[in-house]
Structure formats: structure tokens, C-alpha cells
Amino acid sequence: VQLQASGGGSVQPGGSLRLSCAASGRTSGSRHMGWFRQAPGKEREIVAAISGSGGSTYYADSMKGRFTISRDNARNTVYLQMNNLKPEDTASYYCAAKKNYYWDLPPATYMFDYWGQGTLVTVFQ
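Residues numbered from 1 in each chain as written. Predicted model: local features only at pLDDT ≥ 70, side-chain atom pairs only at ≥ 80, totals over all residues. Heavy atoms only, no water.

K.L.:
Residue-level account of the state of the cysteines, with values.
P.N.:
Put plainly, a disulfide is one covalent bond tying together the sulfur atoms of two cysteines. Enumeration over the complete set of coordinates arrives at one disulfide. At a sulfur-sulfur separation of 2.1 Å, the disulfide partner of Cys21 is Cys95. Judged by the sign of its S-S torsion, about 65 degrees, the bond between Cys21 and Cys95 is right-handed. In this pair, Cys21 sits in strand 3 (residues 17-24) while Cys95 sits in strand 9 (residues 91-97), placing the two residues 74 residues apart along the sequence. Of the two residues, Cys21 and Cys95, neither departs from the other in class, the shared state being buried. (Disulfide = S-S within 2.5 Å. Helix = DSSP H or I, 4+ residues; strand = E, 2+ residues; numbered from the N terminus. Buried < 20%, exposed > 50% of the residue type's maximum accessible area, 1.4 Å probe, protein only.)

K.L.:
Lay out the sheet that holds strand 8 (residues 77-82) with the relevant residues and their values.
P.N.:
Read from one edge of the open sheet, four strands run 1-3-8-7, paired in antiparallel fashion. At either margin of the open sheet sits one strand with a lone partner, and together these are strand 1 (2-6) and strand 7 (67-72). Across the sheet, the mean angle from the axis of one strand to that of its neighbour is 15 degrees, orientation sign disregarded. (Pairing = 2+ DSSP bridges. Axes fitted to C-alpha atoms, helices over the stretch in contact; angles between N-to-C directions.)

K.L.:
How would you summarise the nonpolar core if you had to cite specific residues and measurements?
P.N.:
Proteins that are soluble and globular tend to have nonpolar side chains buried together. With 29 residues, the main nonpolar core has Trp35, Leu80, Met82 and Tyr93 as its most contacted residues. For this core, the elements supplying multiple residues, two or more each, are strand 1, strand 3, strand 4 (33-38), strand 5 (45-50), strand 7, strand 8, strand 9 and strand 11 (119-123). If sequence neighbours within four positions are ignored, Tyr93 has contacts with Leu19, Trp35, Phe36, Arg37, Val47, Phe67, Leu80, Met82, Gln117, Gly118, Thr119 and Val121. One finds Phe36, Ala49, Ala96 and Phe112 within the second-largest nonpolar core, a separate group that totals six residues. (Core = buried A, V, L, I, M, F, W, Y, C linked by side-chain atoms within 4.5 Å. Contact = heavy atoms within 4.5 Å.)

K.L.:
Tell me about the environment of Asn76, residues and numbers included.
P.N.:
Its location among the elements puts Asn76 in the loop between strand 7 and strand 8. Residue classification places Asn76 among the partly exposed residues on the basis of a relative accessible area of 28%. Separated by 30 residues in the primary sequence, Asn76 and Ile46 have C-alpha atoms spaced 21 Å apart.

Below, the structure written as C-alpha cells:
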């Protein structure tokens, strides 16, 4: 499975961005997917996750109400809509996919087997 993340950029506080993660490869469209982020000097952390069907989602507490994860399995693409961005959201954002089909919560980096390259989000004042 190959993952290609895009959509990062620079915005002012309160702004919005939509990240996309295009998946390709075997059964890529049915896997549980997640978005993680990593700020300089910090560990990679979960942002949001979505089940293969799209019927279940998970959000880290600080993202609830601001971020929305969704997927279009016909396009093999997962999205992360980010609204009301804050300076502390500045990080490289990574999409990831699981090899197995267990919906384990909370999602953690070790549970994901395939990773895309990061896309940088900068929220500046």
C-alpha cells in the first residue's frame, strides 16, 4: 500500500486547510486509516482515525469539534478537514493505514503499518 499525502500549507490562526491522502495498492480502499502529526522536538501523535467503511471515527481530544476525518473509498482517498487552526497545530501531518482490520482504540503509531510522507502545516501569527 502506498500513501500520498497532500494539502499542507501556511495559514493564519482561525484558518482552514483540507489534507488529502491518496492510497494505492492491494485493498487500499478498505483499510482503517489515520492521520498523525509530529511537531519539531515532539513525538508523533494521533490526530484522527477512520474505519475502513467510514462508519467509525476517532479524534484526539484537542481536535474534537475542529477537525473532521472522512473518506471516499471510490477514490481511495482519506481527508482531514481542519478548521479554526491554532499555532499549536503547526506540524508535519502523516497519513497511515493498518494492515489488520481490528478497530483498536485509542489509535497509536505502532498499530499502523503503512505511512505516507508528511505534509507540513504551518499556522503563523
